[in-house]
Amino acid sequence: MTDTVQEPVAEETFPYSRQCPFTPPEQYREMVEKGVTQVTLAQSGLRVWAVTGYENIRRLLTDPRASASRKHDNFPFYFVPPPQARTETSFIGYDPPEHGRARQKVAAAFTYQRVQKLLPRIQQLVDEHIDRLLALPPPVDFHRLFSLSLPTTVICEMLGMPQGDHDFIIEHSNNMFGGHSTPQQRQDAIVEVNAYVERLVAEREKKPGDDLASTVIEQFRKAGDYTRRDAVNMIRMLMNGGHETTASMLSLGTACLLENPDQLAELLASPETLIEPATEELLRMVTIGDIGVPRVALEDIEIAGTVIPAGDGILCLLLTANRDEEIFPDPERLVLSRGSRKQVGFGHGAHLCIGAELARLEMRVVWTTLFRRIPTLRLDRPLEDIPRKEGAIVYGVHELPVTWEV
């Protein structure tokens, strides 16, 4: 009789898949109890620390010992990074004081007051997109025809990018951030997007306009530190951040409302008073940026009784903060009326998403207009059958088939 040789059990790698789009991965339950857990990143094999819980994450994101710089060897990329990924960045990859100086160059364009001036145009674009949907026989892919198209149109107009370039921007963004691209696809997308933005910058250097790309160049020049590379990095970051994240929220937020008809009915009954808390609650429920806040410890950092050694990579799992029952009672339930800005879907601290107010405005206009104009809107197949972007830096769906009564 021979002994049976057991194969070693392969370690489960991170990111983990959600149970459904609005439910955290099963593995998070044990991780939340610990507060800090070591995980292995799927593509790079890097061992990093995952931090969970509302207070732990908020504390870490304001800790100067936690660096956002991509230049560190153990920065927790979810993929094997091409060389330019460590240097081709903007203020999201800077630490103070460089972060503040760079962010200030575009901050004025994204203040609440400035963003509110875009309301008439965004309302017009939302209505135009709904008109296009209604002109088609259902079912249609809401994600491709509406969710991706709307914020791409908005950010392209702001940056002065030709509307005919939408498909290029969306395709290359998906290859850079989609989670399943090959290293070569990711590298090619980075190179091609850089070349595209560099051509735009070269044009605006010669002939400035009243767009945000021209403003970026002007602000760098005023500060006396202009380089074309810095302008390209900044504009590329605004372009990528201005459509992919909002598109995912529009699709998943819409699906979440359709899956919770009682809450949707409340929103339809009192849109003016409920839309602001509803938007915050949907941001909390979906948390598309769950795994999108990486850091590196500059010194030893103790969290929840665990010491993260200097030089190690850290991930802040925002979904665990937004499901912390001490902050949000009964956190697995969607309750539109309780929504508040305590949610950390846009991050926290100095690196809070600069486009948060723009994204909020787009979502509010969509969700107060869409269901009024298409009251019979519904998913065309069960939500669990719709392919999702598991493992992507920005969580979302690949498509969202919807239908309505004609």
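Everything quoted here is computed from the prediction, not taken from an experiment. (Residues numbered from 1 in each chain as written. Predicted model: local features only at pLDDT ≥ 70, side-chain atom pairs only at ≥ 80, totals over all residues. Heavy atoms only, no water.)

(A) Quick look at the pairing of strand S5 (residues 294-297). Residue alternation in S5 divides its side chains into two sets, Pro294 and Val296 and Arg295 and Ala297, and both sets are buried. Sheet topology places strand S3 (residues 66-67) next to S5; two bridges connect them, and they run antiparallel. Looking across to S5, one finds that Ala66 is bridged to Ala297. (Buried < 20%, exposed > 50% of the residue type's maximum accessible area, 1.4 Å probe, protein only. Helix = DSSP H or I, 4+ residues; strand = E, 2+ residues; numbered from the N terminus. Pairing = 2+ DSSP bridges.)

(B) Main features of the sheet that holds strand S9 (residues 378-379). Within the open sheet, the three strands sit side by side as S4-S10-S9. Their pairing is antiparallel. One side of each edge strand has no neighbouring strand; the edge strands of this open sheet are strand S4 (140-141) and S9. Summarising the sheet, S9 and strand S10 (residues 401-403) pair through two bridges and their orientation is antiparallel. Across the sheet, the residue bridging to Leu379 is Val402, located in S10.

(C) Structural context of the packing of helix H12 (residues 244-259) against helix H13 (residues 261-269). H13 packs onto H12 with a crossing angle of 105° between their chain directions and a minimal axis gap of 5 Å. As judged from the angle between their axes, H12 and H13 are roughly perpendicular. Judged by residue contacts, Leu257, Leu258 and Glu259 of H12 engage Pro261, Leu264 and Leu267 from H13. Classifying every residue of the contact of H12 with H13 gives five nonpolar, no polar and one charged. (Axes fitted to C-alpha atoms, helices over the stretch in contact; angles between N-to-C directions. Parallel < 35°, antiparallel > 145°, perpendicular 65-115°, else oblique. Contact = heavy atoms within 4.5 Å. Nonpolar A, V, L, I, M, F, W, Y, C, P; charged D, E, K, R; others polar.)

(D) How the structure looks around a negative patch on the surface. On the surface, Asp167, Glu171, Asp188 and Glu192 cluster together into a patch of negative charge. Contributing elements (two or more residues each) for the negative patch: helix H8 (166-177) and helix H9 (183-206). Asp167 gets classed as exposed once you look at its relative accessible area, which sits at 62%. (Patch = residues over 30% accessible without salt bridge, like charges linked within 9 Å, V, L, I, M, F, W, Y side chains within 5 Å. Areas by Shrake-Rupley, 256 points an atom, 1.4 Å probe, with all protein chains shown as cover. Salt bridge = Lys/Arg side-chain N within 4 Å of Asp/Glu carboxyl O. Lys, Arg positive; Asp, Glu negative; His and termini not counted. Charge placed at Lys NZ, Arg CZ, Asp CG, Glu CD.)

(E) Here's a closer look at the packing of aromatic side chains. Taken as a whole and judged by the stated rule, the model has six aromatic pairs. Seen from their ring centres, Tyr54 and Phe328 are 6.0 Å apart, and the 85° between their planes marks the pair as edge-to-face. With a gap of 274 residues between them, Tyr54 in helix H2 (residues 54-60) and Phe328 in the loop between helix H15 (318-322) and helix H16 (356-373) connect regions that are remote in the sequence. You can call Tyr54 buried: its relative accessible area is 3%. The exposure class of Phe328 is buried, given its relative accessible area of 6%. Each ring, one from Phe220 and one from Tyr226, has its centre 6.4 Å from the other, and the planes form 65°; the classification is edge-to-face. (Phe/Tyr/Trp six-rings, centres within 6.5 Å; stacked < 30°, edge-to-face > 60°.)

(F) Broad picture of empty space enclosed by the protein. Here the structure, examined in full by the defined rule, presents three cavities of 30 Å³ or more. If you add up the space inside the second largest cavity, you get close to 100 Å³. What lines the second largest cavity is a set of 14 residues, among which Tyr16, Arg18, Asp290, Ile291 and Tyr395 lie closest to the centre. Across the lining of the second largest cavity, the residue classes tally to nine nonpolar, one polar and four charged. (1 Å grid on protein atoms, 1.4 Å probe; cavity = no way out; pocket = protein on both sides within 12 Å on 5 of 7 lines; lining within 4 Å. Points joined across faces, edges and corners; volume = space filled by probe spheres on them.)

(G) Spatial organisation of the sheet that holds strand S8 (residues 313-316). Judged by pairing direction, the sheet is mixed, and its five strands sit side by side in the order S1-S2-S8-S5-S3 without closing on themselves. Looking at strand neighbours, the two that pair on one side only are strand S1 (36-40) and S3, the edges of this open sheet. Across three bridges, the pairing between S5 and S8 is antiparallel. Bridge pairing links Val296 to Gly313 in S8.

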